[in-house]
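What follows is the residue order along each chain.
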Amino acid sequence: MAAATQVLPDGYVPNEKGTHADFIKPIEQSLNDDRHYRLIRLKNDLEVMLIQDPTVDKSAAALDVHVGHLSDPKNLQGLAHFLEHLLFMGTAKYPKENEYSEFLAQHSGMSNAFTGLDNTNYYFEVGHAHLQGALDRFSQFFISPAFSENCKDRELRAVDSEHKKNLQSDSWRLFQLEKNLSSPDHPYHQFGTGNLETLEEAPGREGIDVRDELIKFHSKYYSANIMKLVILGREPLDQLTQWAIEMFSDIRNLGIQPPANTNPPWTAKELLKTTYVKPVKDVRSLEIKFPFPDQYPYYTIHPARYITHAIGHEGSGSILSLLKKKGWANNLAAGTSHGGIGFEFYKITVDLTKEGLAHYEDVTLIIFQYIEMLRREGVRPYIWDEITSLAATSFRFKEKSPASGYVSRLAGVMQRGYAPEWVLSGSYLIRGSDPKTVMEGLNALRIDTWKSHLVTQDISVVPGGAFTQTEKWYGTEYHVENVSPGLLEKLRNLELDPALHLPGPNAFIPENFETNKVPTETPLTNPILIKHTPQTRIWHKKDDVFWVPKVNMYFQLKSPLSYSSPSNNVKTQLYVSLLKDALTEYSYDADLAGLSYSLDTTVEGMILSVEGYNDKAHVLLQKVVEKMKTLEIDPERFHLIQDQMDRMYKNFKLEAPHQHAMYYMSYLTQEKLWTQEEKLAELKDLTPADIQAFYPALLARLHIEGLVHGNMAAADALKAGTIIEEGLAPKSLVPSELLSQRSHLLPENCKAVYKRDVPDPNNVNSGLEYYLQIENAASKVSRARIQIMAQIINEPCFNQLRTKEQLGYLVFSGVRKQTGATGLRFILQSERDPVHLESRVESFLETRMKTYLEEMKPEEYEKQVNSLIQRKLEKDKNLRTETYRYWGQIVSGYYDFDELQDEVEEMRRTTLEMMREFFQTSILPSARKAKKLSVHIQSQKVPAIATPPAPKEGEAPVQKQEPAKLREGTIMVDDVVGFKAGLELSRAPYPVVDLLRYSKL
């Protein structure tokens, strides 16, 4: 514990009770934030932010420790991550290994954690009435963790499985390669995830006891004075303070400094290099990276924002604008990337075209020309004022977010060294102007202190025509060369390109923030139908909950043409992509100013949305609609977008096996779904003329249905609908064309399996989706029961299949909801084959869950149901979540705005006995009514047969398991079309009530 003579930072005064110190300066918070905050410092120097929100449904807490995998010992890489895993497995006070997860599951809760470079973050959320119990269990992880020997081996395998999940992920591979190519003397060089090699096999060869080393690591670094705690609840701040004191004051204070390394991760040896990297997916990118000053100490100015605003701009005169005109790039991103205490990186990433790949040195040159132009122009006040104004507006109208994510982020921000009174605002606001500091940041982007990664599968651009090296942990192939003398000479004699210039003033910056607030005790619970014609339906709800000057406008443009064939689907996608590409320069300013649009394809047609500050929303909508009607297809951009889509369709094969399992389950159960192969076959022969001819026909016949929700009156909502009606001028659809797609219904006693190989021959993982379909999804009884069943099964499933059996890092159970059908699904990704995974799912249901339900006490059942009900009745956190809820009902075709309340009432009527019967008749794999379909995605790498561990003294030897078999009567689906042809279809969605019930017409 800290000594009695505790030295307090500025702003803290000892509390009269002597239990802690209070921070007495006012904490700056958003004008839109009605929560109450208190910052205290416990006697052990743990800083705690307490937040009272009387309206919160979920309470939450997070603890951030200022140590991450940069502190791993060289001979135990991944130790910090392993500690994060094992910490949750029981404590001296609560020795049961799943006590914490079980408690949270019973009370609408969840938890998670992550290990970063220089921090480890633990967080949970729970039903608001159960914060005290959750905090007590949570705090013990930092006071008396068990580090159980029994759990150690299982969690080692969980870490290893997590690593293997990422083996074929390009983002993980590139991150580790960047680290691998940094200075060997810097811990950034190391492998942070860890695996069996680093945490079991190599230590075993050296006689190292990993559990002992883990305890030493915890004892060395898990000190209260480098931790930050955030607690959010309904309780008064005095009560939250008391709980913090009682439960967290016993965390040891070692009086240490956060571990830091003063050496730079990149020295002269690592700079001025180009690394040619072979990706798993067919991607082409150039990433230019600079060592950069740690930006956290400059948080009052945020100087890098000015640099990023200019370099990352997409409007006229920008790097991207010039590169697109030359046909060399599709996208560009720029910004800082925090490394650890004292070091940071600045990265500029360009998504290249084929032509851009051949000109990657010219692309590099243009980037440096722009940086030099920025230097010569200096810091322009109008740009600085815009950035400052937008930051202030963003903070002023900041909305709430889910509790666990909020406390987790805030605990991390508290580690940044901001003045305590600015811990809420420091990440947002810019205070004053400091051109000198901006220029210092800009001067860090030097022609002699950079390196680049050129990512491509095309070896023709690789010197010597081969990737000559292989990264150890992920197997990434690469080749390193010095930056060419020719490019360096051009950089030393830079000539500015006249096409490059600073962005102009932003016309989309909002000016009117009036919300005409009229507080109401009973907000509307559904939108109002304000227009209802054969052509158009417009729904509207003036925001009466959040009172922010924002609006969400969503419009479904239903077209029977868009998904009528694979060819038409591809043409629609090309049209949408070309439209967005053509609008990039115009819409980027709006995006910067907090107003954005999107246009996306669906099986029903397209969805057009405009979201953000309402002040100029109609202006953006008008421009988008005009461009939709008048788009001229640029042949050069067409071929570049066509190439992007070609690679996107092909790259789908390289997605994770569990994603393939989910995709093919949708393919088997949806009435119509065109496969990536079918779309790819149509794409290659299309021409610019095809799209120019197609899209007028696409827009010629539409049904328009919109929702306008937020700070907008009904008259302005109607105006938005009119912009689309008059701008596109379509003809109406006939009523039967408005019917949505349906789902296939499985017959009773169905036991079907569809098997495919993992397309990526190098992926060690297999995937499974195991689906038990239930009757009519329109039935409140069915929907309530399947959700209760999913709630009861969730924690035991994870505990059994992931924690105990270690089948894989990715284990999920929950509800699969489709049009006209619903059901229970299990999704697993594992090195074990799918037949084994299916057998373990069925064994879990037949034994563990059967017994669990039979032995469940009524009070335990009530806890589970109440936990589910509480989660369903959670209040919307912000305007967008409320919009999503209404929009989900509109596009579903059911318009059941009372669905939540109806389902909750049905759940309250559902008894434990009803659920036991439901399980016996519809969920048990052996049940007569059970309707099972599973998708097996089998790895092409034969899984190694694990050798059973040698028995410990006094134990019987472990018997070798026989290979798993599928249940008797299982049919293998060989002909998908034939299988689907033999299935009945569900009812099409139809409004549950007359829509005029919601009308004020």
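Residues numbered from 1 in each chain as written. Predicted model: local features only at pLDDT ≥ 70, side-chain atom pairs only at ≥ 80, totals over all residues. Heavy atoms only, no water.

Per an unreviewed UniProt entry, the protein chain goes by Insulinase (Peptidase M16) and derives from Linnemannia schmuckeri.

Help me understand the overall build of the protein chain in this model?
From N to C terminus, the protein chain includes 30 helices and 29 strands. Here the protein chain has a C-alpha radius of gyration of 29 Å; the compact-globule value for 1001 residues is 30 Å, and the two agree. The principal-axis extent of the C-alpha atoms belonging to the protein chain is close to 80 × 75 × 65 Å. Within the span of the protein chain, comprising 1001 residues, buried residues form 57% of the whole. (Helix = DSSP H or I, 4+ residues; strand = E, 2+ residues; numbered from the N terminus. Rg over C-alpha atoms; globule rule 2.2 N^0.38 Å. Buried < 20%, exposed > 50% of the residue type's maximum accessible area, 1.4 Å probe, protein only.)

Just checking my understanding: could you explain the packing of aromatic side chains for this structure?
The relation between two aromatic rings is expressed through the spacing of the ring centres and the mutual angle of the planes. Within the structure shown, the criterion is met by 44 aromatic pairs. The rings of Phe88, Tyr100, Tyr122, Phe124, Phe138, Phe141, Phe142 and Tyr222 are connected pair by pair, giving a single aromatic cluster. In this arrangement the basic side chain of Arg35 is found over the ring face of Tyr406, its NZ or CZ atom lying 4.4 Å from the centre. One residue, Arg431, lies across the ring of Trp422, its end atom 3.8 Å from the ring centre. (Phe/Tyr/Trp six-rings, centres within 6.5 Å; stacked < 30°, edge-to-face > 60°. Lys NZ or Arg CZ within 6 Å of the ring centre and 35° of its normal.)

I'm lost on the UniProt feature "domain: Peptidase M16 C-terminal" (unreviewed entry) in the protein chain in this one. Help?
The UniProt entry lists residues 211-386 under the feature "domain: Peptidase M16 C-terminal" (unreviewed entry), expressed in the numbering used here. Secondary structure over residues 211-386 splits into 39% helix and 24% strand, and the C-alpha atoms at its two ends are 54 Å apart. (UniProt positions renumbered as here; feature names shortened; annotations may be inferred.)

So what exactly am I meant to see when it comes to unusual backbone geometry here?
Peptide bonds are, in most cases, trans, and in most cases residues other than glycine have a negative phi. Notably, Phe147 is not glycine yet its phi reads approximately 45°, a positive angle. Within the secondary structure, Phe147 sits in the loop between α3 (131-140) and α4 (149-165). The buried category is assigned to Phe147, whose relative accessible area is 4%. Located in the positive-phi region is Tyr895, a residue other than glycine, with phi close to 55°. By the secondary structure assignment, Tyr895 is in the loop between α27 (879-892) and α28 (899-909).

Is there a simple way to explain the UniProt feature "domain: Peptidase M16 middle/third" (unreviewed entry) in the protein chain in this structure?
This chain's UniProt record puts "domain: Peptidase M16 middle/third" (unreviewed entry) on residues 395-682. When the span residues 395-682 is considered, its composition is 38% helix and 18% strand, and the gap between its end C-alpha atoms is 47 Å.

Could you clarify how one ought to interpret the confidence of the model for the protein chain in this entry?
Per-chain confidence: the protein chain averages 95 in pLDDT, with 97% of residues scoring 70 or above. Across residues 944-948, confidence stays below pLDDT 50; counting only partners more than four residues off in sequence or on other chains, it has one contact. (pLDDT = per-residue confidence, 0-100. Contact = heavy atoms within 4.5 Å.)

Explain the pattern of salt bridges to me, please; I cannot follow it from the model alone.
A side chain with one charge can pair with a side chain of the opposite charge if their charged atoms come near. Taken as a whole and assessed by the stated rule, the structure comprises 70 salt bridges. Close ionic contact of Asp898 with Arg997 constitutes a salt bridge, the shortest N to O distance being 3.0 Å. One end of the pair, Asp898, is in the loop between α27 and α28; the other, Arg997, is in the segment after β29 (984-985), with 99 residues separating them in the sequence. Three or more residues joined by partner-sharing salt bridges are found here, namely Arg783, Lys817, Lys872, Glu899 and Glu903. (Salt bridge = Lys/Arg side-chain N within 4 Å of Asp/Glu carboxyl O.)

Where do I start with the state of the cysteines in this structure?
What is meant by a disulfide is a covalent connection between two cysteines, made through their sulfur atoms. Overall, the coordinates contain zero disulfides when judged by the stated rule. Between Cys151, a cysteine without a disulfide, and Cys797, which holds the nearest cysteine sulfur, the sulfur-to-sulfur distance is 18 Å. (Disulfide = S-S within 2.5 Å.)

Looking at this structure, I do not really get the sheet that holds strand β28 (residues 971-972). What am I missing?
As a general point, the strands of a sheet are linked pairwise by backbone hydrogen bonds and lie either parallel or antiparallel. Taken together, six strands build an open sheet; the order of strands is β25-β26-β24-β27-β23-β28 and the sheet is mixed. The two strands at the open ends of the sheet, each matched to only one other strand, are β25 (810-818) and β28. (Pairing = 2+ DSSP bridges.)

Is there a simple way to think about helix α13 (residues 381-396) in this case?
One turn of an α-helix holds 3.6 residues; hence residues three or four places apart share an orientation. Over its 16 residues, α13 extends 22 Å from the first C-alpha to the last, a length consistent with the 22 Å expected when each residue adds 1.5 Å. Of the residues making up α13, those classed as buried are Ile383, Trp384, Glu386, Ile387, Leu390, Ala391, Thr393 and Phe395. Here the buried face of α13 lies against α9 (303-311), α15 (435-443), α17 (566-592) and β20 (605-613). (Expected span 1.5 Å × (residues − 1).)

Help me understand the sheet that holds strand β17 (residues 536-542), please; the structure alone is not making it clear to me.
Judged by pairing direction, the sheet is mixed, and its six strands sit side by side in the order β16-β17-β21-β18-β20-β19 without closing on themselves. This sheet does not close on itself; its edge strands, each paired only once, are β16 (528-532) and β19 (595-602). Between one strand axis and the next, the sheet turns through 15° on average, direction left out of account. Where helix α23 (residues 714-728) meets the sheet, it contacts β16, β17, β18 (550-558), β20 and β21 (703-710), and its direction lies at approximately 35° from that of β18. Across the sheet, α27 touches β17, β18, β20 and β21, and the angle it forms with β21 is around 155°. (Axes fitted to C-alpha atoms, helices over the stretch in contact; angles between N-to-C directions.)

Mind showing me how you'd approach the packing of helix α12 (residues 360-377) against α15 here?
The geometry of a pair of packed helices is captured by two quantities: the angle between their axes and the separation between those axes. Relative to each other, α12 and α15 sit at 155°, their axes nearing to 10 Å. The angle between the axes of α12 and α15 places the two elements in the roughly antiparallel class. When the axes of α12 and α15 are compared, the crossing they make is left-handed. Counting all contacts with α12, which are made through Ile371, Leu374 and Arg375, the residues of α15 involved are Met439, Leu442 and Asn443. Tallied by class, residues from the contact of α12 with α15 come to four nonpolar, one polar and one charged. (Parallel < 35°, antiparallel > 145°, perpendicular 65-115°, else oblique. Left-handed = near helix turned anticlockwise from the far one by under 90°. Nonpolar A, V, L, I, M, F, W, Y, C, P; charged D, E, K, R; others polar.)

How do you make sense of the pairing of strand β6 (residues 110-115) when you look at a structure like this?
One ladder, built from six bridges, connects β6 with strand β7 (residues 120-127); its direction is antiparallel. Looking across to β7, one finds that Ser111 is bridged to Phe124. Counted between consecutive antiparallel strands, the loop separating β6 from β7 contains four residues.

Explain the nonpolar core here, please?
Where a protein is soluble and globular, its nonpolar side chains tend to be buried together. Grouped together as the largest cluster of nonpolar side chains are 55 residues, with contacts concentrated most on Phe124, Phe138, Phe142, Tyr222, Ile231 and Phe248. When residues in this core are grouped by element, the largest group, seven residues, is from helix α8 (residues 237-248). When residues no more than four places from it in sequence are discounted, the contact partners of Phe142 are Leu63, Leu87, Tyr122, Tyr222, Met227 and Ile251. Counting residues in each nonpolar core, the second largest holds 54 residues, with Tyr360, Val363, Ile367 and Ala444 among its members. (Core = buried A, V, L, I, M, F, W, Y, C linked by side-chain atoms within 4.5 Å.)

In this structure, what is going on with the environment of Ala790? I would like to understand it.
On the secondary structure map, Ala790 appears in helix α24 (residues 780-804). Relative accessible area serves as the criterion here: at 9%, Ala790 is assigned to the buried category. Sequence separation between Ala790 and Phe368 is 422 residues; the distance between their C-alpha atoms is 55 Å. Excluding residues that lie within four positions of it along the chain, Ala790 makes contacts with Gly814, Val815 and Leu824.

Would you take a moment to explain helix α29 (residues 912-923) for this structure?
All of the buried residues in α29 are Leu912, Met915, Phe918, Phe919, Ser922 and Ile923. For α29, the buried positions fall inside an angular range of 115° around the axis, keeping them on one side. Summarising the geometry of α29, the exposed residues directed more than 90 degrees from the buried face are Glu913 and Glu917. Those residues of α29 that are buried are in contact with β24 (766-774), α24, β26 (821-830), α25 (834-855) and α26 (858-872). (Arc of directions from axis to C-beta.)

Can you walk me through the side chain of Arg825 in this structure?
With respect to the helices, strands and loops of the structure, Arg825 is situated in strand β26. Once you skip the residues sitting within four places of it in the chain, Arg825 turns out to touch Met662, Glu769, Tyr770, Tyr771, Phe812, Ser813, Gly814, Val815 and Arg816.

Even after reading the chapter, I still don't get the environment of Lys179, so can you show me in this structure?
Along the polypeptide, Lys179 turns up in helix α5 (residues 170-180). Taking the C-alpha atoms as reference, Lys179 lies 8.6 Å from Pro265; in sequence the two are 86 residues apart. For Lys179, the contacting residues outside a window of four places in its chain are His69, Leu117, Tyr188, His189, Gln190, Phe191 and Gly192. Within the structure, the side chain of Lys179 is placed 2.8 Å from the backbone oxygen of Gln190, a separation counted as a polar contact. (Polar contact = N/O pair within 3.5 Å; in protein donor to acceptor, adjacent residues only side chain to side chain.)

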